Amino acid sequence: MKKVLKRMALILVSLLILLVIAAVAFVNFAPQFGENPAGERLKRIQASPNFKDGTFQNLVPTSLDMSAGKMVSATWKMLTGVPGAEPTDTIQTVPFDVKQFEGNGGPEQVAISWFGHSSLLIRIQGKTLLTDPVFSERASFASFSGPKRFPFDHYMNVDELPPVDAVVLSHDHYDHLDYETFTKLKGKVSRFFVPLGVGAHLEKWGIAPNQITELDWHESAKFGDLTLVCAPARHFSGRSLTNRNGTLWCSWALLGTQKRVYYGGDTGYYPGLKNIGEKYGPFDIALLECGAYNEDWIDIHMMPEQTAQAQLDVKGDLLIPIHWGKFNLALHTWRDPIQRLMKKSAELGTKVATPRIGEVVVLGSTVPTGRWWETMP
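Residues numbered from 1 in each chain as written. Predicted model: local features only at pLDDT ≥ 70, side-chain atom pairs only at ≥ 80, totals over all residues. Heavy atoms only, no water.

1. Looking at the overall build of the chain
This is how it is decided: Put simply, DSSP marks the helices as runs of H or I at least four residues long and the strands as runs of E at least two long, and each gets a number from the N terminus on. Burial classes: relative accessible area under 20% of the type maximum marks a residue as buried, over 50% as exposed, and values in between as partly exposed (1.4 Å probe, protein chains only). Contacts between residues were defined by any pair of non-hydrogen atoms, one from each residue, lying within 4.5 Å. Here the open area of atoms and residues is found with the Shrake-Rupley method and a 1.4 Å probe, where only the protein chains shown may cover a residue.
A count of helical and extended segments in the chain gives 9 helices and 16 strands. Across the 377 residues that make up the chain, the buried fraction comes to 52%. A separation of at least 24 residues holds for 69% of the contacts in the chain among residues at least 6 apart in sequence. Here the chain displays about 17,000 Å² of accessible surface, and carbon together with sulfur accounts for 56% of that area.

2. Things to note about helix α7 (residues 272–280)
Which entries qualify depends on this criterion: Arc definition: it is the arc formed by the directions from the helix axis to the C-beta atoms.
Among all positions in α7, only G272, L273, I276, G277 and Y280 are buried. Take α7 and look down its axis: the buried residues cluster within an arc of 150 degrees, on one side only. Residues of α7 that are exposed and point more than 90 degrees away from the buried face comprise N275, E278 and K279.

3. A closer look at the sheet that holds strand β8 (residues 212–215)
The strands that make up a sheet pair up through hydrogen bonds in the backbone, lying either parallel or antiparallel. This is how the line gets drawn: The rule for pairing is simple: two strands pair if DSSP sees at least two bridges between them. Every angle, taken between N-to-C directions, lies between 0 and 180 degrees, and every axis is a line fitted to C-alpha atoms, over only the stretch in contact when it is a helix.
One open sheet holds the 7 strands; their spatial order is β8-β7-β6-β5-β4-β3-β16, and the pairing between them is mixed. Each of the sheet's edge strands pairs with one partner strand only, and the pair in question is β8 and β16 (360–362). When strand polarity is set aside, the average angle formed by the axes of neighbouring strands in this sheet is 20 degrees. Pairing geometry for strand β3 (residues 110–114) and β16, over 3 bridges, is antiparallel. Residue pairing across strands places A111 opposite V362, the latter belonging to β16.

4. Points about the pattern of salt bridges
A side chain with one charge may pair with a side chain of the opposite charge, provided their charged atoms come close. To be explicit about the condition: A side-chain nitrogen of Lys or Arg and a carboxyl oxygen of Asp or Glu constitute a salt bridge if their distance falls within 4 Å.
Applying the stated criterion to the full structure yields 15 salt bridges. One salt bridge connects E214 with R41, and the closest N-O pair in it is separated by 2.6 Å. Here E214, found in strand β8, pairs with R41, found in helix α2 (residues 39–46); they are 173 residues apart in sequence, far enough to count as distant. The two residues E214 and R41 agree in class, both being buried. Within this structure, R41, E203 and E214 form a network of salt bridges that share partners.

5. Section: the packing of helix α8 (residues 304–313) against helix α9 (residues 336–348)
Under the convention used in this document: Here the word oblique covers every angle except those under 35 degrees (roughly parallel), over 145 (roughly antiparallel) and from 65 to 115 (roughly perpendicular). Handedness of a crossing is defined here by the sense of rotation of the near helix relative to the far one, left-handed for an anticlockwise turn of less than a right angle and right-handed for a clockwise turn.
Where α8 contacts α9, the two axes come as close as 7 Å, and the packing angle between them is 45 degrees. The orientation of α8 with respect to α9, classified from their angle, is oblique. Crossing angle aside, the handedness with which α8 passes α9 is right-handed. The segment α8 lies against α9, with P304, E305, T307, A308, Q309 and L312 engaging P337, R340, L341, K344, S345 and L348.

6. As for the packing of aromatic side chains
The line we're drawing: Stacked, edge-to-face and tilted are the three classes for Phe, Tyr and Trp ring pairs, Trp counted by its six-membered ring, which pair at centre distances within 6.5 Å; planes under 30 degrees apart are stacked, over 60 edge-to-face, the rest tilted. We call a charge positioned over a ring when the NZ of a Lys or the CZ of an Arg lies within 6 Å of the ring centre and within 35 degrees of the ring normal.
For the structure shown, the criterion picks out 21 aromatic pairs. Pairing F96 with F101 gives two aromatic rings, centres 5.4 Å apart and planes at 55 degrees, and the pair type is tilted. You can call F101 buried: its relative accessible area is 0%. Geometrically, the ring pair formed by F96 and F115 is edge-to-face, given 6.0 Å between the ring centres and 65 degrees between the ring planes. Here F96, found in the loop between α3 (68–80) and α4 (98–102), pairs with F115, found in the loop between β3 and β4 (120–124); they are 19 residues apart in sequence, far enough to count as distant. Taken together, the aromatic side chains of W114, F150, W324, W334, W372 and W373 make up a single cluster linked through ring pairs. A cation over an aromatic ring shows up here: R149 above the ring of Y155, its NZ or CZ 3.6 Å from the ring centre. Cation over ring: R239 sits above Y174, and NZ or CZ is 4.0 Å from the ring centre.

7. Concerning the side chain of H235
Formally: What qualifies as a polar contact is a pair of N or O atoms within 3.5 Å, subject to a donor-acceptor requirement within protein and to the restriction that residues adjacent in sequence count only when both atoms come from side chains.
Mapping H235 onto the fold places it in the loop between β10 (226–231) and β11 (251–255). Separated by 3.5 Å, the side chains of H235 and H173 make a polar contact. Within the structure, the side chain of H235 is placed 3.0 Å from the backbone oxygen of I300, a separation counted as a polar contact. Among residues more than four places away in sequence, those in contact with H235 are N58, H171, H173, W249, D266, T267, I300 and H301.

8. Topic: the sheet that holds β10
Ordered in space as β9-β10-β11-β12-β13-β14-β15, the 7 strands form an open sheet in which the pairing is mixed. Of all the strands in the sheet, just β9 (219–223) and β15 (351–352) have a single pairing partner and so form its edges. Inspection of the sheet shows strand β14 (residues 316–322) paired to β15 by 2 bridges, in the parallel sense. Following the sheet pairing, L319 is matched in β15 by V352.

9. Brief notes about the pairing of β3
When a strand is regular, its side chains alternate between the sheet's two faces. In terms of burial, β3 is largely enclosed, as 5 of its 5 residues are buried. Of the two faces of β3, the one carrying V110, I112 and W114 and the one carrying A111 and S113 are both buried. Hairpin connection between β3 and β4: a loop of 5 residues separates the two successive antiparallel strands, and G116 in this loop has a positive phi of roughly 95 degrees.

Here's what the structure looks like:
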């Protein structure tokens, strides 16, 4: 009997070792995890004033820690589900109108189409920019697990996009930087603007170094007559358990000769938003996150009321709320972000556009303000 038990124990230990080896190999060799910065890229990172003690740092103290009790509670709620966290019916989208989006291409025109979460097409200064494109079924490193997108009647995909002049990335989290999407974009887009270090992922996926422009906070790049400024944000980065904050995160100020757009990426609320408004604003349109929040991680994601205030801070004339409506990444209902934001924005007297997925918003035209989420069960 003892021999049998010893053999069973040996088999179990061997299986456990094999599983650990397989997991380590998967993380180290699966392409979707990307690549850590090295060589000249790493030297540039280490020379950044925002890189200290081996990682990038936020401009204000920012906590990423949760107590064990809160971590267990949040994990349990995510696993068991929150009532109303996802729509029970299909979200009806609007067919993307490329002619309306491209318009006359003049410097006075700005057009935006939102495809859910933080994936947008932005037309400014005659250029078409694609932000944080995630067109896969899940915001995850695996196709079989992780947050699954809400049911839409139509999902935008790379083949349906109009010609894209450049991709603009805010950071390397899976709900903003998607391996599967980038394998399809490769060869179709010639320029990629990213924060420091993120270019390592793109190079691993076959994008040429001369197509990638990496910027530190407050650095800028010219793209024709358009200036792209890599502005600060209050967040974090990392695609595995071992490379947290090894690459930079950012927001973007898109400065045309006549119009300005601010893309906030992911950020917690902090005084730096006012500095961005003073330095690079006022903005004709602000695209600000509204979703995936919780009091336990308020440092890295704004509450909806803070999003409404952030519009004023960055001097955004019109707000389009993003980072909601596609993935269940927190413990609130799927409608909660937009409902709370609209209530606070009404109190502040600010202008908010609420386009459906795929709908084109053209600056200077009548903007959509319908409460389409209220008509869904």
